[in-house]
Each structure stands twice: as C-alpha cells, then as structure tokens.
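# Examining the three-dimensional arrangement
Listed here are the chains, written in short residue letters.
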Amino acid sequence: MTISPRTLTRRAALIAATATAALVLSACGGSSADSSSDSGRASAASSTGADVAAGAHNAQDVAFAQGMIPHHQQAVQMAELAAGRASSAQVKDLAARIEKAQGPEITTMTGWLKSWGEDVPASDGSMSSMPGMGSSSMPGMMNAKDMDHLKKMSGKGFDSMFLTMMVEHHKGAVTMANMEKSKGTYGAATSMAGGIVTTQNAEITEMNKMLGKS
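Read on for a plain summary of the structure. (Residues numbered from 1 in each chain as written. Predicted model: local features only at pLDDT ≥ 70, side-chain atom pairs only at ≥ 80, totals over all residues. Heavy atoms only, no water.)

## So, the packing of helix H2 (residues 59–85) against helix H6 (residues 187–210)
One way to put it is that H2 packs onto H6 with a least axis distance of 11 Å and a crossing angle of 40°. Here H6 runs oblique to H2, going by the angle between their axes. When you trace H2 past H6, the crossing you get is left-handed. Residues Asp61, Phe64, Met68 and His72 of H2 form the contact with H6, whose own contacting residues are Ala189, Met192, Ala193, Ile196 and Gln200. The residue makeup of the contact of H2 with H6, split by class, is six nonpolar, two polar and one charged. (Axes fitted to C-alpha atoms, helices over the stretch in contact; angles between N-to-C directions. Helix = DSSP H or I, 4+ residues; strand = E, 2+ residues; numbered from the N terminus. Parallel < 35°, antiparallel > 145°, perpendicular 65-115°, else oblique. Left-handed = near helix turned anticlockwise from the far one by under 90°. Contact = heavy atoms within 4.5 Å. Nonpolar A, V, L, I, M, F, W, Y, C, P; charged D, E, K, R; others polar.)

Below, the structure written as structure tokens:
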C-alpha cells in the first residue's frame, strides 16, 4: 500500500502535537506538586512562628510565677512598713523603689498564670492556697514571727532589721530567678528573671553598704 506524502505529513503533525501535549501536562503536574510542597512548608513555618509568638511555657515558668508572686508580695508588705517606721531617708527611698518595681511584676505574673489556666497564689503574700507549697520552700521568705517583729519596730532599729531581712529576701529572689533563667522557656518570664537578678543584686550591694558591710 502506497502512502501519499500528504498522509505522512499529517501523521508527523499528529505525533508532534501529542508529544507537545504530554510535555505540557507533565509540566503542569510538576508545578502543582511543587506548589503543594511549598504551601506545606510555608504552613509549617507559619505554625512554628505562631508558637514562638504565643510564647510556649513549661513547668518551670509556672513554678517561677507561682513562687515569685508571694515572694514579691511579702517584699512589698515589708516596703510599705518603711514609710511610717523607717528613720533613714535612704531606707525609705529603697523601699519605695522595691514597691514600685515589684508591684507591676506581680500583676504581670498573675496575668501569665491566668492565661495558662494555672492556679494563682493568694494575695496575702503566702502560699497557703497552693497545694504542697509553703513559704519555707522558697528561699529568702520571712516567717510570720519575723514579719510580726518587723511591724513592732521603728526608727533605727527598724532600719537595721528591714535591711537585714531584705538582703536575705533579695538573695532568695535571685536564686529563684537564676533557676528560671536556666530552665524556663517562656521568653517574658526569663527576661523578667534576668531583670530581677540584675536589680536585686545591685540592691543587695546597696543595702550592705547601708549596714556598714563592704
């Protein structure tokens, strides 16, 4: 059977057209897969970014907030006594700074615990509302007898006792803050802990000078 040149031409054109269509479909399929893959990677990256923005926390962050709130509350209670009992202007100034710094931090940490669905300590500067925890478990906390004694003091006697007690109180806070810095994961909490370490170490030095200690 003889095939005419026209027929051969048509067949060649059909083959070329089929091959072109196959290439186009393959390219489209590859683009879709790549797009899907890229979309998945973008979604994963977005999810990771959201987690970071949300600020993931761990058990140490919770313990830090639940412990530091009553620790700060007691420091504020001690500082409030200074206004009417201290004789030294330096002691009164220090007490005012402690109250001004730690009051807002209590509010901030309370907000963290509420947002995490965790228990918030009682507002009386104790750990009585926290099962399994007490003031003795926190370094630097004064007991009820110490606080009662401070409340009965005034003048230079108050100044000396206040400074002595607050140095120990600050040392305890620094210990707790260093633990948060090393084991916590919540950025705002570890940042606050760093600030506590810096500020309270400086105040310890200041108070020791007032007490005549180098």
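Here the narrative resumes, following the displayed structure.
## Let's talk about the nonpolar core
Phe64, Met78, Met109, Trp112, Leu150 and Phe162 are the most contacted members of the largest nonpolar core, which totals 45 residues. Of all the secondary structure elements, the ones that give two or more residues to this core are H2, helix H3 (89–116), helix H4 (144–152), helix H5 (155–183) and H6. Apart from the residues lying within four places of it in its own chain, the contact partners of tryptophan 112 are Phe64, Ala65, Tyr186, Ala188, Ala189 and Met192. (Core = buried A, V, L, I, M, F, W, Y, C linked by side-chain atoms within 4.5 Å. Buried < 20%, exposed > 50% of the residue type's maximum accessible area, 1.4 Å probe, protein only.)

## Regarding the environment of alanine 188
One can find alanine 188 in helix H6. Classification of alanine 188 by relative accessible area gives partly exposed; the value is 39%. The spacing of alanine 188 and methionine 109 is 79 residues in sequence and 9.6 Å in space, taken between C-alpha atoms.

## Quick look at the packing of aromatic side chains
Using the criterion set out here, one finds four aromatic pairs in the structure. When the ring of tryptophan 116 is compared with that of tyrosine 186, the centres are 5.1 Å apart and the planes differ by 85°; the resulting orientation is edge-to-face. Note that tryptophan 116 is positioned in helix H3 and tyrosine 186 in the loop between H5 and H6, a separation of 70 residues in sequence. Given the relative accessible area of 15%, tryptophan 116 is considered buried. Arranged with centres 5.7 Å apart and planes meeting at 20°, the rings of phenylalanine 158 and phenylalanine 162 form a pair that is stacked. Here phenylalanine 158 pairs with phenylalanine 162, and both are found in helix H5, just four residues apart, close to one helical turn. With respect to burial, phenylalanine 158 and phenylalanine 162 carry one shared label: buried. (Phe/Tyr/Trp six-rings, centres within 6.5 Å; stacked < 30°, edge-to-face > 60°.)

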